[in-house]
Amino acid sequence: MAFFTSPLYVFTTAFLLRLTLLLYGLYQDAHSPLKYTDIDYQVFTSASLYISRGQSPYARETYRYTPLLAFLLLPTTWGPIWFSFGKILFAVGDLVAGFLIVRILRNQGMSQERALKYSSIWLLNPMVATISTRGSSEGLLGAMVVALLWAVLEKRIWLAGALLGLAVHFKIYPVVYGMSIIWWLDAQQLGQGVKNADTLMGKVKNFLNPARVQLTIVSLLTFMGLNITMYILYGYPFLQHTYLHHVTRIDHRHNFSPYNILLYLSSSQDAKSGIRFESLAFIPQLFLSAIAIPFMSSKKDLPATMLAQTFAFVTFNKVCTSQYFLWYTIFLPLYLPNSSLISNPRLGISVLAAWIGTQALWLHQGFALEFLGKSTFVPGLWVSSLLFFLTNVWILGIIVQDVGRNHSPIGQSIQKGESSKKIEKVVK
C-alpha cells in the first residue's frame, strides 16, 4: 500500500487524527453536558494553578501524581487559550513514541514500509489518540518508556539510566523494567568476553559489569534526586500522594479488576480497619512482573519481555482502568511481527475477539450501574471482571510462550540486522 511507503503520510495522518479529536473535544466541551475532557486533566490543571500561586499542588484534592507533572502544565495557567496545552503535550508524546518505535524496528532490520505498518498500531490507534487528547498523561509516559527501550538497545547506558529514573518518578510501574534491563545487559549483549566464570567471585564480577553498574547508579541518582527535590518543596504530602496512596487506594469506579467488588466493600466506613485481602494483590503482581518474567525471558527478547511484564502488572493490579491498556499497547508493534497472533490468524482473531468481547460485557454492566442506577455488582460486574481477567491471563501465557519460541536463529538474525523479507522466508 502506497500510504505506508513514506513516514510523511503516516505521521501526518497521526497528527491530523489528534488535531481533529482535539478540536472536536473543544466543541463537545462547549455544547454537551457530557464533557470530552477527562476529569484527570481538570485535576492536573488545577494542581498547576495552585503551583502558579505559590501553593502546593496537593491543595487540589485527588491530585495523586508527582509535582513534576503539574510543573509541566504550568502554561495552562496563562489564560483560557492555553488550557489545551497539556493535551497537545500528551499528543506530541504519542507521536514521539511512534517515531521511536519506527527507529527500533528499523534498527532491527525491518523494512521502512513494514515498520510503518506496525508502528501504526500505536500512531493511528483511535483509542491512543482519544485518551491523550482527552487529557491523560499516558502518552507522555509512553514516550519515556519507548525512549528507555531505544536507549538500552543502542547501549546508551547513561541515557537509559536517566530515563528509567525519570519514568519511575513520573509513575511507579516502570520500576519493573529495571530488572529485565539489568538481566539483559550481559557480556553477550555488550560484546564482551566472560572471564573467570568458574568461581563464585568470578561470576559476581561478570554480573557486575560496567553497564549494569552505570545503569543502576544513574537511575537511582535520577530517581532520588527528583524525589528529594520534590520532598524539599512539598514535604510528606508528596510521598503520601505520589507513592504511598497507591498501596492503600480503594478505587472501584471504572475498574476492570476482579478486586472491584472487594474495593467497593472496603470503601465503606465499617471496613476501613484491619488488613484487607485486596491489600495483598501486589504479591502475585510483583512476583510475575518484576521477578519471574524478567528472569525467564529478558535475555531472549527484551521488548517482548517488557510487554509481558506490563501486561502482567496491569492484569494483576487491583485497579485496572482503560488508560492502563496504553501501557502495554505501546509494545505491541515490537512484539507482533514475530508473534503467533500474526503467524496464526485464527488465534489472533480469537484473542482480539475475546479481549474486546469480555471488556464490552464489563462495560455493559458498568453502564447499567453508573448511568442507569441498577445494582449489577453481583453477579454481572463480578462475573464479567473474572472473564476479562481470565482472558488477559490467557493472552499473557501466549506472549510468554512466544518469547521462548522466538529465541531462535530467526530472532538472532533480526538482532544482526538482516532484512525482514529474508526472515519472513525463513518463517514460512
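Everything numeric in this text was worked out from a predicted model, so none of it was measured.

## So, the UniProt feature "transmembrane region" (unreviewed entry) in the protein chain
UniProt annotation of "transmembrane region" (unreviewed entry) refers to residues 6–27, 88–106, 157–185, 213–234, 275–295, 307–327, 347–364 and 376–400 when read in the numbering used here. Along residues 6–27 the backbone is 95% helical and 0% strand, and the end-to-end C-alpha distance reaches 32 Å.

## Quick look at the nonpolar core
It is characteristic of soluble globular proteins that their nonpolar side chains tend to be buried jointly. Among the nonpolar cores identified, the biggest contains 107 residues, and Tyr-63, Tyr-177 and Phe-331 are the most heavily contacted of them. For this core, the leading source of residues is helix H7 (residues 138–153), giving 12 residues. Residues from two domains meet in this core; each of domain 1 (138–248) and domain 2 (251–268 + 277–407) gives at least three. What Tyr-177 contacts, discounting residues up to four positions off in sequence, is Val-145, Leu-148, Met-306, Gln-309, Thr-310, Trp-327 and Phe-331.

## Considering the pattern of salt bridges
Applying the stated rule across the entire model yields 7 salt bridges. The partner of Arg-18 in a salt bridge is Asp-94, and the shortest N-O contact between them spans 3.3 Å. Of this pair, Arg-18 sits in helix H1 (residues 7–31) while Asp-94 is found in helix H4 (residues 85–107), placing the two residues 76 residues apart along the sequence. Judged on exposure class, the residue Arg-18 and its partner Asp-94 are both buried. A salt bridge links Asp-38 to Arg-134; the shortest N-O distance between them is 3.8 Å.

## Some words on the confidence of the model for the protein chain
Averaged over all residues, the pLDDT of the protein chain equals 87, while 87% of them reach at least 70. In this model residues 408–428 is a low-confidence stretch, pLDDT under 50, and it forms 24 contacts with partners more than four residues away in sequence or in other chains.

## Here's the deal with the environment of Ala-368
As for its position among the elements, Ala-368 is in helix H20 (residues 345–370). Classification of Ala-368 by relative accessible area gives buried; the value is 10%. In this structure, the C-alpha to C-alpha distance between Ala-368 and Gly-380, residues 12 residues apart in sequence, is 9.9 Å. What Ala-368 contacts, discounting residues up to four positions off in sequence, is Gly-373, Lys-374 and Thr-376.

Basis of the calculations
- Residues numbered from 1 in each chain as written.
- Predicted model: local features only at pLDDT ≥ 70, side-chain atom pairs only at ≥ 80, totals over all residues.
- Heavy atoms only, no water.
- UniProt positions renumbered as here; feature names shortened; annotations may be inferred.
- Helix = DSSP H or I, 4+ residues; strand = E, 2+ residues; numbered from the N terminus.
- Core = buried A, V, L, I, M, F, W, Y, C linked by side-chain atoms within 4.5 Å.
- Buried < 20%, exposed > 50% of the residue type's maximum accessible area, 1.4 Å probe, protein only.
- Domains from an automatic or database assignment.
- Contact = heavy atoms within 4.5 Å.
- Salt bridge = Lys/Arg side-chain N within 4 Å of Asp/Glu carboxyl O.
- pLDDT = per-residue confidence, 0-100.

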